Amino acid sequence: MGVSIVFTSGKGGTGKSTAVSAIASCLSALGQRVLCIDLDLRLPNLDLLLGMSDLTTLDISDVAAGRHTLEEAIVEHPTLTGLYLLAGPALCSEDLNGDSLAAIVAEAKTKFDLCLLDGPAGLDDLFYLTAKDADAVVVVATADASSQRDAQRVVMELDEMGFEQISLLLNRVRVHMLRQSALNVDDIIDFVGAPLLGIVPEDQDVIGAASRLRPLVLHSRRWAAQAFLKIAKRMMGQEIPLEHK
């Protein structure tokens with residue numbers, strides 16, 4: 001039985017979907033069978049970030065409505081063996097409800113080692129709908145004060161929902177600016193209230209990969225790519241030191 005992990009954030013602009021695509025790519029490169037499910041039901045774009053938009057003729061709404069099976073709807077990445085995608089819907093429909101999404105994720109867990117769910121940003125109804133059935137949650141935030149506050153609120157909501165496995169991913173961090181600020185990473189961890197999964201530095205290679213519609217692991221082997229690789233290894237249970245002092 002596989003594991004489902006939902007990625008969420010307090011607001012847009014944290015690079016959540018980019019993190020999902022990068023981590024999934026690294027996991028597949030490490031030999032895992034990984035399914036990305038785009039649960040940002042209003043603004044799905046994971047297919048673009050994975051470079052798979054030309055391959056997706058079906059999406060999650062087709063499975064939820066019973067028009068097609070999960071196996072028919074998922075597509076494998078043309079280059080990265082073991083990386084699959086269930087695309088988000090063109091339009092959010094009433095078929096995409098809590099029961100149908102839970103059934104899709106439950107079936108996916110029987111077929112894949114890891115199911116990475118790209119959830120919506122913010123604390124609206126879609127957040128509760130997509131997060132409630134995951135085994136673990138990764139809250140993606142940046143190091144600025146507003147993003148930290150939003151992440152703190154998300155963690156508090158997840159605690160109220162009964163989640164026990166919640167972690168924080170600090171993304172797009174300008175390390176030199178963080179060192180000059182009054183806060184350090186330990187302060188951010190304490191404020192948000194979740195253990196740290198990893199820190200990803202601001203990196204122009206991420207923008208370059210997105211503009212070319214390619215997973216980061218196929219575009220770069222440095223900076224952010226290395227950070228995402230370490231995060232992927234931690235998610236597989238490897239003991240990779242967190243260097244954040």
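Higher on the page you've got the structure.
Below, the structure is looked at part by part.

**Thoughts on the overall build of the protein**
Thinking step 1. Broken down by element type, the protein carries 11 helices and 8 strands.
Thinking step 2. Relative to the 2.2 N^0.38 estimate, which gives 18 Å for 245 residues, the radius of gyration of the protein is 17 Å and therefore close to what a compact globule would have.
Thinking step 3. Across its three principal directions, the C-alpha atoms of the protein cover 55 × 40 × 30 Å.
Thinking step 4. Among the 245 residues that make up the protein, the fraction classed as buried is 53%.
Thinking step 5. A separation of at least 24 residues holds for 77% of the contacts in the protein among residues at least 6 apart in sequence.
Thinking step 6. If the 21 positive side-chain charges of the protein are averaged to one point and the 33 negative ones to another, these points end up 8 Å apart.

**Overview of the packing of aromatic side chains**
Thinking step 1. All told, the structure shown has 1 aromatic pair when counted by the stated rule.
Thinking step 2. With 5.2 Å between their ring centres and 65° between their planes, Tyr 84 and Phe 112 make a pair best called edge-to-face. Residue Tyr 84 is found in strand E4 (residues 83-86), and its partner Phe 112 is found in the loop between helix H5 (98-109) and strand E5 (114-121); the two are separated by 28 residues along the sequence.
Thinking step 3. Tyr 84 gets classed as buried once you look at its relative accessible area, which sits at 13%.
Thinking step 4. Note on Phe 112: relative accessible area 4%, which makes it buried.

**Let's talk about the environment of Ala 103**
Thinking step 1. Tracing the backbone through its elements, the reader meets Ala 103 in helix H5.
Thinking step 2. When the C-alpha positions of Ala 103 and Pro 241 are compared, they lie 36 Å apart, and in sequence the two are 138 residues distant.

**Some words on helix H11 (residues 224-235)**
Thinking step 1. For H11, built from 12 residues, the straight-helix expectation of 16 Å at 1.5 Å per residue is met to within 8% by its first-to-last C-alpha distance of 17 Å.
Thinking step 2. For H11, the full list of buried residues reads Ala 224, Ala 225, Ala 227, Phe 228, Ile 231, Ala 232, Arg 234 and Met 235.
Thinking step 3. Buried positions along H11 lie against strand E1 (3-9), helix H1 (16-29), E5, strand E7 (166-173), strand E8 (196-201) and helix H10 (204-211).
Thinking step 4. Positioned one or two residues after H11, Gly 237 has a phi angle of 95°, which is positive.

**A few points about the environment of Asp 113**
Thinking step 1. With respect to the element layout, Asp 113 can be found in the loop between H5 and E5.
Thinking step 2. In this view, Asp 113 contacts Gly 2, Val 3, Gln 32 and Arg 33; residues no more than four positions away in its chain are not counted.
Thinking step 3. Polar contacts involving the side chain of Asp 113 include one to the main-chain amide nitrogen of Arg 33, which spans 2.8 Å.

**Topic: the nonpolar core**
One recurring pattern in soluble globular proteins: nonpolar side chains tend to sit buried together.
Thinking step 1. In terms of nonpolar packing, the biggest core is built from 45 residues, with Ile 37, Ile 60 and Leu 86 touching the most fellow members.
Thinking step 2. Each residue touching Ile 60, except ones within four places of it in the same chain, is listed here: Ile 37, Leu 39, Leu 41, Leu 86, Ala 87, Gly 88, Pro 89, Leu 96, Leu 101 and Ile 104.
Thinking step 3. Within the second largest apolar cluster, 38 residues are counted, among which are Phe 7, Leu 27, Val 217 and Phe 228.

**What to know about the side chain of Ser 61**
Thinking step 1. With respect to the helices and strands, Ser 61 occurs in helix H3 (residues 60-64).
Thinking step 2. Take Ser 61: its relative accessible area is 8%, and that puts it in the buried class.
Thinking step 3. Among residues more than four places away in sequence, those in contact with Ser 61 are Arg 67, Pro 89, Ser 93 and Leu 96.

**Overview of the side chain of Thr 56**
Thinking step 1. Structurally, the position occupied by Thr 56 is in the loop between helix H2 (46-49) and H3.
Thinking step 2. Within the structure, the side chain of Thr 56 is placed 3.3 Å from the backbone oxygen of Ser 53, a separation counted as a polar contact.
Thinking step 3. Contact partners of Thr 56, with chain neighbours within four places excluded, come to Asp 47, Val 75, Leu 85 and Ala 87.

**So, the state of the cysteines**
Thinking step 1. Evaluated as defined, the whole model comprises 0 disulfides.
Thinking step 2. There is no disulfide at Cys 115, and the cysteine sulfur nearest it, in Cys 36, is 9.4 Å away.

**With respect to the sheet that holds E4**
Thinking step 1. Across the sheet, 8 strands lie side by side as E3-E4-E2-E5-E1-E6-E7-E8; this open sheet has mixed pairing. Here the strands that pair on one side only, and so sit at the sheet edges, are strand E3 (75-76) and E8.
Thinking step 2. Direction of pairing for E3 relative to E4: antiparallel, over a ladder of 2 bridges. Across the sheet, Val 75 pairs through a bridge with Leu 85, a residue of E4.
Thinking step 3. Seen against the sheet, helix H7 (residues 145-160) touches E1, strand E6 (136-141) and E7 and runs at an angle of roughly 165° to E6.

Analysis parameters
- Residues numbered from 1 in each chain as written.
- Predicted model: local features only at pLDDT ≥ 70, side-chain atom pairs only at ≥ 80, totals over all residues.
- Heavy atoms only, no water.
- Helix = DSSP H or I, 4+ residues; strand = E, 2+ residues; numbered from the N terminus.
- Rg over C-alpha atoms; globule rule 2.2 N^0.38 Å.
- Buried < 20%, exposed > 50% of the residue type's maximum accessible area, 1.4 Å probe, protein only.
- Contact = heavy atoms within 4.5 Å.
- Lys, Arg positive; Asp, Glu negative; His and termini not counted.
- Charge placed at Lys NZ, Arg CZ, Asp CG, Glu CD.
- Phe/Tyr/Trp six-rings, centres within 6.5 Å; stacked < 30°, edge-to-face > 60°.
- Expected span 1.5 Å × (residues − 1).
- Polar contact = N/O pair within 3.5 Å; in protein donor to acceptor, adjacent residues only side chain to side chain.
- Core = buried A, V, L, I, M, F, W, Y, C linked by side-chain atoms within 4.5 Å.
- Disulfide = S-S within 2.5 Å.
- Pairing = 2+ DSSP bridges.
- Axes fitted to C-alpha atoms, helices over the stretch in contact; angles between N-to-C directions.

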